[in-house]
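Report on the structure
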Amino acid sequence: MRPSRFTRIVTIERFIMDQEHLHPEATGELSNLLYDIALAAKVINSHVRMAGLADILGAAGPVNVQGEIVQKLDQFANETIKDSLLHAGRVAVVASEEDPEPIAPPADYPIGKYVVLFDPLDGSSNIDVNMSIGSIFAIHRRVTDGRGPGLLRDCLQPGSAQVAAGYVLYGSSTMLVYTTGHGVHGFTYDSTIGEFLLSHPDVRTPAVGACYSVNEGNFPHWSPEVQTLVRRFKGLDERYPAKTARYTGSLVADFHRNLLVGGVFCYPPDAKSPQGKLRLLYECAPLAFICEQAGGYASDGTGPILDIVPTALHQRSPLFVGSVTDVKLAEATIAGRAP
Ligand code: AHG
Ligand code: MN
Ligand code: MN
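**Quick notes on the overall build of the protein chain**
For the protein chain, the count of helices and strands is eight helices and 14 strands. The principal-axis extent of the C-alpha atoms belonging to the protein chain is close to 60 × 60 × 45 Å. Relative to its full complement of 339 residues, the protein chain shows a buried share of 55%. Taking contacts inside the protein chain between residues at least 6 apart in sequence as the whole, the part at least 24 apart equals 62%. Here the protein chain has roughly 14800 Å² of accessible surface; of this, 55% comes from carbon and sulfur atoms. Counting 28 positive and 36 negative side-chain charges, the protein chain places the averaged centre of each group 6 Å from the other.

This is how it looks when you write it as structure tokens:
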């Protein structure tokens, strides 16, 4: 028989539904929450794609809780995700990188059992220069009792308790990549039909990567151990093969490339930022969950990111994430040894 000319087209909705059927106990609430996020991603995507045309670019003036300038598109993405989540009855509380406190659904809206933590627009310094940017999300189950709004305590859970995590990459094409703890699956947006279509089922990341991603402008501010690590990545220590460098300044973009082809992303602590720059709850933990589900590993330089119990909503953490051998090399080098 001749092979069919048609490949089976799987939309993200179909895929999520099929996954849900593997779990007879599932109520469908998590599936619906993922649809809510996919819908927000489509809306943000349409604005990102218009960014050069619409009067939406440039600094909006206010400074966010991290002390950085907020760009207009950040605000749009933040409001869009909150709007999609807070009125649909799936969440008890949400927390955003752009807001100082957790936010519960408005008084007359239903309360769900999930908690969503998100970075609405990652790589925002790249908006104005037309480079890839992203959104990142982590989903937990609430841990506080009762049917009232969720609390800060619901947000301060270790990454190991995540029930799902994902990111959207607004790149040369738009992709949504997520895990519910059963592998990592990637969907590419077809704007002609308005659907995310399964393009990267069951992503596995190589055990050793060919690239490293780090802001080497910070080299003078790193500890001697981190400097040694980067020398090892460069092949200056002949025991370790040289890697090539790739760094865009958009975590989602750098992470995504390394996930697909193998590599390690590092945001080490430095003299200016002793805890690194990235936020544990909105950036490090969700990407750690995704990476580990793809066979990689994520560390803060001393141990697994997923084991860290947060104590503050906007807590920062050093991050070493990607191919397992490379992240283990980072841990060993920071501990002052060769693996
Ligand atoms: P955000 O735009 O959400 O504030 O995140 C920016 C982050 C991350 O995307 C990127 O990896 C990192 O900042 C880059 O920082 P440096 O400019 O210090 O390298
Ligand atoms: Mn970010
Ligand atoms: Mn951001």
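Once you've had a look at it, read on.
**Some remarks on the domain arrangement of the protein chain**
Taken domain by domain, the protein chain consists of domain 1 (12-200) and domain 2 (211-334). The straight-line distance from the C-alpha centre of domain 1 to that of domain 2 is 23 Å. Contacts between domain 1 and domain 2 engage 48 residues on the former and 31 residues on the latter. Summed over both sides, the interface of domain 1 with domain 2 buries roughly 2800 Å², with 65% coming from carbon and sulfur. Here Glu 97 ties to Arg 279 by a salt bridge, and the two come within 3.4 Å at their closest N and O atoms. Linking domain 1 with domain 2 are 14 residue pairs in polar contact (both at pLDDT 80 or more), by the criterion used here. Put simply, the parts of the chain that give the side of domain 1 that touches domain 2 at least two residues each are strand 3 (91-96), strand 4 (114-122), strand 5 (133-141), helix 4 (152-155), strand 6 (164-170) and strand 7 (174-179). Of the residues contributing to the side of domain 1 that touches domain 2, the split by class is 24 nonpolar, 18 polar and six charged.

**Re the coordination of the manganese ion (ligand 2)**
Within the first shell, the manganese ion (ligand 2) binds the protein through Asp 119 (OD), Asp 122 (OD) and Glu 283 (OE), at distances of 1.8 to 2.1 Å. Counting along the primary sequence, the residues that act as donors to the manganese ion (ligand 2) give the motif D-x2-D-x160-E. In this structure the manganese ion (ligand 3) is found 3.7 Å away from the manganese ion (ligand 2), and Asp 119 serves as a bridging donor for the pair. Here Asp 122 is found in strand 4, whereas its partner Glu 283 is found in helix 7 (residues 280-293), with 161 residues between them in sequence. For the pair formed by Asp 122 and Glu 283, the shared burial category is buried.

What counts and how
- Residues numbered from 1 in each chain as written.
- Chains lettered and ligands numbered in written order.
- Predicted model: local features only at pLDDT ≥ 70, side-chain atom pairs only at ≥ 80, totals over all residues.
- Heavy atoms only, no water.
- Helix = DSSP H or I, 4+ residues; strand = E, 2+ residues; numbered from the N terminus.
- Buried < 20%, exposed > 50% of the residue type's maximum accessible area, 1.4 Å probe, protein only.
- Contact = heavy atoms within 4.5 Å.
- Areas by Shrake-Rupley, 256 points an atom, 1.4 Å probe, with all protein chains shown as cover.
- Lys, Arg positive; Asp, Glu negative; His and termini not counted.
- Charge placed at Lys NZ, Arg CZ, Asp CG, Glu CD.
- Domains from an automatic or database assignment.
- Buried area = accessible area lost by both parts, 1.4 Å probe.
- Salt bridge = Lys/Arg side-chain N within 4 Å of Asp/Glu carboxyl O.
- Polar contact = N/O pair within 3.5 Å; in protein donor to acceptor, adjacent residues only side chain to side chain.
- Nonpolar A, V, L, I, M, F, W, Y, C, P; charged D, E, K, R; others polar.
- Donors = N, O, S within 2.8 Å, 3.2 Å for Na, K, Ca; no water.

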